[in-house]
Amino acid sequence: KHAEDCLKTVNKQQLVLPPIEDLQKKTIFKSLPVDIPRYLFTIRSGQVDPMAADFCHFKQCFVLCWSSVVDVLEALQKLLREFAVPLAKVSGERLVELSHVWDSGWSKAPSAMPVLSVLENWEEVSELISHPGQRYKGEGGIEAAAIHIQSSWRRYLARTAYLCHCRRKWAAGTIAISWLMHAQLCRVRKALQARRFSQLENSRSRAQHLAANWKRIQSFKRTIIHIPSLYSQRKRLNLRGFDILQNIQMSRLCDIRENVEVIYICPQHLGNDILDYYTSLLKCDGATDGADTTTARASSSVRRYIILTPEAVDYFPTHNMCLSTLLKYSPQTLKHIRNLIQGKHAYIVGGIAHVDDLAVADELGLPILGPEPAIAQHYSTKSGARRIFVGAEIDVPPGQGNIYSLNQLHETLAELMTQNTDVQRWLFKIDSEDGGRGTAYCDTCHLSCYKWALQEYHRYGPELWNPKCIQETVLLRYLDEIPEWLTHYAQPAKTSCYPNWACFLKTFLRQGVVEAYPPSNSVTCLTVDLLLEPGGEVTMFSCGDQLHGGCKLEAIGSIVPQSSVHPETLHSICTRVGRACLQRRIVGYVSVDLVTFLDHNTMEKKVWAVDLDITYSNQLAMTQMLLMMTGGTLNCRTGCLEAPMPIRAPVGNLCAVIGNHLFHSDLSMLYNKVFLMMCKAHGIRFNKKTKQGTVFAFFDSTKRSSIGMTVSEDLQRALATFARHLSVIHQEISVPKSQGETNFM
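None of the values given here were measured: they were computed from a predicted structure.

Asks: Describe unusual backbone geometry, naming the residues involved and giving the relevant values.
Replies: Looking along the chain, the bond that leaves valine 560 and enters proline 561 is cis, with omega of 0°. As for its placement among the helices and strands, proline 561 is situated in the loop between strand 16 (555-560) and helix 23 (567-583). Look at asparagine 402: it is not a glycine, yet its phi comes out positive at around 55°. If you trace the backbone, asparagine 402 turns up in strand 9 (residues 399-403). Of note, the phi angle at lysine 691 is positive, near 60°, even though the residue is not glycine. Here lysine 691 is to be found in the loop between strand 22 (686-687) and strand 23 (692-698). By relative accessible area, lysine 691 is classed as buried at 17%.

Here it is, written out as structure tokens:
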């Protein structure tokens, strides 16, 4: 009867069980009425005592739904046995209600929390079950432990294999991508090599055509494309104002003649003041173009010169790129040049040879008046120049190249000093540098054993001094003192490039040449510009004695024509050098540096060849301006600069002082027009009638640096006028309290 009352009560309430998630909460059955008995019974060690009074009472009350309760009860007992739970107190009411949900599908995948929710002490049981390893203390614990160990081991093996597979897959992907990139790079390299080889072959073919037709081309109207690339790959990366330096030869514009038109490739955009200046200076109708070629200054007459600025100048403002490289990546400028030279004889005159010269020439279909880049780079070094001079049987300073270690430097220098005791200064030159930039020097007067070595030399005399056994004592003494001598007294010629000997030595030992300085107190340096014609002839275009500033090893200008070497001797030397260059397939413009001095032993004048620049020099560019302004001719064979004078006056011989590397920092404060007005007010100008005076060559619109030259009727007046004009300019543009940086003085 009591059981029937309970069932009636349950049916009347029509309990609605919460969702499965709510059954996992601690308060799952707190909503049951308090007055309903909970029918508690106990499970010990996972087993129910069927004879216990509390369990029998529960079974009698729910006998009608016992079949569903048994399933839940068995699952609960199994769980308690598996986890070795010693004591569990079960709430009968919760067990019955869970059995209703159990029938709806929970029995397929039972979990611990819903089953444990029927326990009165479920917190204690849950804590016990959660202990690590508790599962392996109960029923079937050994088998469960074995299964867990096996599954963990299989999982480890599978994970290890998977990670290994991932690593191999990543490695395979990396190798595949690397191989694809390598293959692509090889294809690109082969394509570039094939293209450059094709450009080289085409250049050689056009060079042969130029050589075969050189005289005929010179007699016809022609166009010269000047690309003044002045610095090689190794030098240009560390230079400031690279575009200004490349434009220092803007006086190449003066190469125009009646039958010669000039296309000048400019590395920077020029201002209208400079363009107007050159238009009036050249006394011809010209046109100038920028990158867009739309701002051309049109002329009604025939154009004789045009200035083009590649559009790539705006794309690479800070890359210090070679001018031919900028032109290579400027399709609009190349197209404009093709339109200008269409149907005309034309060729390219570059600067320092570069591989992109071939690309530009191939794009334009024009020959280059110059050697192949590889040949030019090989012979434009100090050691390469010495090989050419030796092959031409020209005297060179005592010296030695290919020095790569400090011990080799000491041994070589000791041997050279022993063989040439009269040399009082030794020069150390970096093979790839030019001018005084890569030169250091050391004087023998600082050697404590030098006077003793001279006494030994004079004791034996020149005839007996050559045997090695006699020189050995002096050689060993030099070897002992040279290391300390170089450390304390050797110094670079230009400290702006290499501040001290230690910095200079690092570069020198990679590419060094040791040379003797002329053993005389009166040394004159001169530069001769040659044109090695493709037809095989050697022509002297310019010759001048060098002017030196604070650094005696760097020329800042020259005096044209030269007067330090007899013209016939100079012509003979230059002819032999030119032929030696032609034998090595060097054509175009080259510049030869010579030194002349009086040998005190023989009292004869000696000439040494010291350097060879395979490029269009600054002196030659200024000489073109000189000839344009005077209308004269420079006869290097006779050493005369002749210019036509006014009517009823004979042809006069002139002398010019050229400043190639003059600079003054205060010039940037004046506009070019203001500067010219100031010079005119002080009488610094060029007289077109007398062919005398001073003329300037501007090449920059921002810093407004300038170089100039003075022409007069003789050397003394030219030098005096040149110095006076520099002094006036310095006083006018300088502030007394703040003197600018200059080499005018």
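Having put the structure on the table, let's press on.
Asks: An account of the side chain of glutamine 134 is needed here, citing residue identities and associated values.
Replies: Relative to the elements of secondary structure, glutamine 134 occurs in the loop between helix 7 (122-129) and helix 8 (141-212). For glutamine 134, a relative accessible area of 6% gives the class buried. In terms of polar contacts, glutamine 134 uses its side chain to reach the backbone carbonyl oxygen of phenylalanine 83, at 2.8 Å.

Asks: With reference to specific residues and values, describe empty space enclosed by the protein.
Replies: Applying the stated criterion to the full structure yields two cavities of 30 Å³ or more. Taken as a whole, the largest cavity encloses approximately 150 Å³ of empty space. As for the largest cavity, its lining consists of 17 residues, and the residues nearest its centre are Gly350, Gly351, Leu369, Gly370 and Pro371. Considered class by class, the residues forming the lining of the largest cavity number 12 nonpolar, four polar and one charged. In this structure, the second largest cavity spans a volume of roughly 110 Å³. For the lining of the second largest cavity, the elements supplying multiple residues, two or more each, are strand 23, strand 24 (706-712) and helix 26 (715-733). Ranked by residues supplied to the lining of the second largest cavity, first place goes to strand 24 with five residues. Residues belonging to the lining of the second largest cavity are distributed by class as follows: nine nonpolar, five polar and no charged.

Asks: Hey, could you go over the sheet that holds strand 3 (residues 87-91) for me, with residue numbers and the actual values?
Replies: Read from one edge of the open sheet, three strands run 2-1-3, paired in antiparallel fashion. Looking at which strands have only one partner, the edges of the open sheet turn out to be strand 2 (47-48) and strand 3. Pairing between strand 1 (residues 40-44) and strand 2: two bridges, direction antiparallel. Bridge assignment links isoleucine 43 to a residue of strand 2, and that residue is valine 48. Packing of helix 3 (residues 53-61) onto the sheet brings it into contact with strand 1 and strand 2, and relative to strand 1 it is tilted by some 125°.

Asks: An account of the sheet that holds strand 9 is needed here, citing residue identities and associated values.
Replies: The sheet built from five strands is open, its strands ordered 9-13-10-11-12 with antiparallel pairing. Because the sheet does not close on itself, it has two edges, and the strands there are strand 9 and strand 12 (491-492). Summarising the sheet, strand 10 (residues 425-430) and strand 13 (residues 512-516) pair through five bridges and their orientation is antiparallel. By the bridge assignment for strand 13, phenylalanine 428 is matched with valine 514.

Asks: If you had to explain the confidence of the model for the chain to someone new, which residues and values would you point to?
Replies: Per-residue pLDDT for the chain averages 85, and the proportion of residues at 70 or more is 88%. Confidence drops under a pLDDT of 50 for residues 1-36, and excluding neighbours within four residues, the segment shows 32 contacts in the predicted structure. The low-confidence segment residues 284-302 (pLDDT under 50) makes 44 contacts with residues lying over four places distant or belonging to another chain.

Asks: Could you give an account of the packing of aromatic side chains, naming the residues involved and the relevant values?
Replies: Summed over the entire model, instances satisfying the criterion amount to 23 aromatic pairs. Look at tryptophan 501 and phenylalanine 504: their rings are 5.7 Å apart centre to centre, the planes differ by 25°, and that puts the pair in the stacked class. Of this pair, tryptophan 501 and phenylalanine 504 both sit in helix 22 (residues 501-508), three residues apart, which is roughly one turn of that helix. With a relative accessible area of 9%, tryptophan 501 lands in the buried category. Seen from their ring centres, phenylalanine 504 and phenylalanine 508 are 5.9 Å apart, and the 25° between their planes marks the pair as stacked. One end of the pair, phenylalanine 504, and the other, phenylalanine 508, are both in helix 22, four residues apart, so they sit about a helical turn from each other. When sorted by exposure, phenylalanine 504 lands in the same class as phenylalanine 508, which is buried. Following the ring pairs from residue to residue traces out a cluster consisting of Tyr39, Phe41, Phe55, Phe58, Phe62 and Trp66. Sitting above the plane of the tyrosine 616 ring, arginine 252 keeps its charged end 4.1 Å from the centroid. The lysine or arginine in question, arginine 477, covers the ring of tryptophan 452, its NZ or CZ lying 5.1 Å from the ring centre.

Asks: I'd like to hear about the environment of lysine 451, residue by residue, with values.
Replies: Here lysine 451 is to be found in helix 20 (residues 450-464). Sequence separation between lysine 451 and threonine 421 is 30 residues; the distance between their C-alpha atoms is 9.8 Å.

Asks: Could you give me a rundown of the pattern of salt bridges, with the residues and numbers involved?
Replies: A complete count under the given rule lists 23 salt bridges for this structure. Across the pair glutamate 515 and lysine 429 runs a salt bridge whose closest N-O atoms are separated by 2.8 Å. Of this pair, glutamate 515 sits in strand 13 while lysine 429 is found in strand 10, placing the two residues 86 residues apart along the sequence. The salt bridge involving arginine 437 is made with glutamate 433; its shortest N-O contact spans 3.0 Å.

Asks: How would you summarise helix 21 (residues 468-489) if you had to cite specific residues and measurements?
Replies: Count 3.6 residues to each turn of an α-helix, and residues three or four apart come out pointing the same way. When the local axis directions of helix 21 are compared, the greatest deviation, roughly 40°, occurs at glutamate 481, which is followed within four positions by the proline proline 483. Among all positions in helix 21, only Ile470, Gln471, Val474, Tyr478, Glu481, Ile482, Trp485 and Leu486 are buried. Looking at the buried residues of helix 21, the elements they touch are helix 19 (406-419), strand 10, strand 11 (439-443), helix 20 and helix 22.

Rules used throughout
- Residues numbered from 1 in each chain as written.
- Predicted model: local features only at pLDDT ≥ 70, side-chain atom pairs only at ≥ 80, totals over all residues.
- Heavy atoms only, no water.
- Helix = DSSP H or I, 4+ residues; strand = E, 2+ residues; numbered from the N terminus.
- Buried < 20%, exposed > 50% of the residue type's maximum accessible area, 1.4 Å probe, protein only.
- Polar contact = N/O pair within 3.5 Å; in protein donor to acceptor, adjacent residues only side chain to side chain.
- 1 Å grid on protein atoms, 1.4 Å probe; cavity = no way out; pocket = protein on both sides within 12 Å on 5 of 7 lines; lining within 4 Å.
- Points joined across faces, edges and corners; volume = space filled by probe spheres on them.
- Nonpolar A, V, L, I, M, F, W, Y, C, P; charged D, E, K, R; others polar.
- Pairing = 2+ DSSP bridges.
- Contact = heavy atoms within 4.5 Å.
- Axes fitted to C-alpha atoms, helices over the stretch in contact; angles between N-to-C directions.
- pLDDT = per-residue confidence, 0-100.
- Phe/Tyr/Trp six-rings, centres within 6.5 Å; stacked < 30°, edge-to-face > 60°.
- Lys NZ or Arg CZ within 6 Å of the ring centre and 35° of its normal.
- Salt bridge = Lys/Arg side-chain N within 4 Å of Asp/Glu carboxyl O.
- Bend = angle between axes of the 7 residues up to and from the residue.

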